[in-house]
Amino acid sequence: GAGYKAYHDTLGGWTFPEGWSVHMDKIQSDPFAPPSRCHVQVPQSLANFPPSLFNNKVRCVALCDYLSRVMCGLVKRGGLDQAAAGQGWSGPKGGDLQMDTPTQQVLERTSVMMTSSGIEA
C-alpha cells in the first residue's frame, strides 16, 4: 500500500448526503507524531435541538457539556478509546478516538460548540 504520507490526502472536509460534515484538520506525519485532529459539524436543521435548550449562555453551556459527556461515554462503551495492541516497533499503533473528557464541573468548553446554525464537535 501507500506510505504513511498518503494519509495527508485525507486533509480537508466532506459533506454527507444527510447534510452533516466531517473535517480532517491535521494529519499526523508518522505513527509516533501527535494524533490527527478532526471535527464534525451537524446543521441545526438536522440536529433538531429545541431552541429553548440553547437560547441563553447557561443553557448552551449545559447542553454542550451534556453532549460532551454523552460522546465520551459512547466512545468508552464502544471500546473506541483503546489504542491498537502494540507488538513492538513494527506492530500496529494508534486507532483510538479521544475527546476532551469533562470533569465534575459544568464548564464552557470547546469540545462541543452550539450555535443557532448547528453543532460542532
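The coordinates are above.
Residues numbered from 1 in each chain as written. Predicted model: local features only at pLDDT ≥ 70, side-chain atom pairs only at ≥ 80, totals over all residues. Heavy atoms only, no water.

Draft legend 1. Geometry of a nonpolar patch on the surface. Among the surface-exposed residues, Tyr66, Val70 and Leu74 lie close enough to one another that they form a single nonpolar patch of about 290 Å² accessible area. Note on placement: Leu74 falls in helix α2 (residues 57-77). With relative accessibility at 48%, the residue Leu74 sits in the partly exposed group. (Patch = residues over 30% accessible without salt bridge, like charges linked within 9 Å, V, L, I, M, F, W, Y side chains within 5 Å. Areas by Shrake-Rupley, 256 points an atom, 1.4 Å probe, with all protein chains shown as cover. Salt bridge = Lys/Arg side-chain N within 4 Å of Asp/Glu carboxyl O. Helix = DSSP H or I, 4+ residues; strand = E, 2+ residues; numbered from the N terminus. Buried < 20%, exposed > 50% of the residue type's maximum accessible area, 1.4 Å probe, protein only.)

Draft legend 2. Spotlight on the environment of Thr15. Along the chain, Thr15 falls in strand β1 (residues 12-15). When the C-alpha positions of Thr15 and Val42 are compared, they lie 9.8 Å apart, and in sequence the two are 27 residues distant. Excluding residues within four positions of it along the chain, Thr15 makes contact with Trp20 and Ser21. (Contact = heavy atoms within 4.5 Å.)

Draft legend 3. Structural detail: the pairing of β1. Pairing analysis gives four bridges linking β1 to strand β2 (residues 21-26), with the strands arranged antiparallel. What sits directly across from Gly12, in β2, is Met24. Count of turn residues in the β1/β2 antiparallel hairpin: five residues, of which Gly19 carries a positive phi of about 115°. (Pairing = 2+ DSSP bridges.)

Draft legend 4. Structural detail: the nonpolar core. Ranked by size, the top nonpolar core spans eight residues in total: Phe54, Cys60, Leu63, Cys64, Leu67, Val112, Met114 and Ile119. Per-element tally for this core: the top contributor is α2, with four residues. With residues near it in sequence (within four places) discarded, Leu63 still touches Phe49, Leu53, Phe54 and Met114. (Core = buried A, V, L, I, M, F, W, Y, C linked by side-chain atoms within 4.5 Å.)

Draft legend 5. Representation of the side chain of Asp65 in the model. Mapped onto the fold, Asp65 is located in helix α2. If near-sequence neighbours (up to four positions away) are discounted, Asp65 is found in contact with Pro102, Gln105, Val106, Leu107 and Arg109.

Draft legend 6. The packing of aromatic side chains, seen in detail. A complete count under the given rule lists one aromatic pair for this structure. With 4.2 Å between their ring centres and 10° between their planes, Phe16 and Trp20 make a pair best called stacked. Accessibility expressed as a relative area gives 28% for Trp20, which makes it partly exposed. (Phe/Tyr/Trp six-rings, centres within 6.5 Å; stacked < 30°, edge-to-face > 60°.)

Draft legend 7. α2, seen in detail. The terminal C-alpha atoms of α2 lie 30 Å apart, and with 21 residues this matches the ideal 30 Å at 1.5 Å per residue to within 8%. Contacts from the buried residues of α2 go to β4 (113-115) and β5 (118-120). Two to three positions downstream of the cap, the backbone nitrogen of Val58 sits 3.2 Å from a side-chain oxygen, assigning the N-cap of α2 to Asn56. Immediately beyond the C-terminal end of α2, within one or two residues, lies Gly79, with a positive phi of roughly 75°. (Expected span 1.5 Å × (residues − 1). Polar contact = N/O pair within 3.5 Å; in protein donor to acceptor, adjacent residues only side chain to side chain.)

Draft legend 8. View of unusual backbone geometry. Backbone geometry places Asn48, a non-glycine residue, at a positive phi of 60°. By secondary structure assignment, the location of Asn48 is in the loop between α1 (44-47) and α2. Classification of Asn48 as exposed rests on a relative accessible area of 58%.

Draft legend 9. Layout of the sheet that holds β1. The antiparallel open sheet is built from five strands, whose spatial order is β1-β2-β3-β5-β4. Each having just a single partner strand, β1 and β4 make up the two edges of the open sheet. Taken over all neighbouring pairs, the strand axes of this sheet differ in orientation by 15° on average, direction set aside. The sheet contact formed by strand β3 (residues 37-43) and β5 spans three bridges and is antiparallel. Counterpart to Gln41 in the pairing with β5 is Glu120. (Axes fitted to C-alpha atoms, helices over the stretch in contact; angles between N-to-C directions.)

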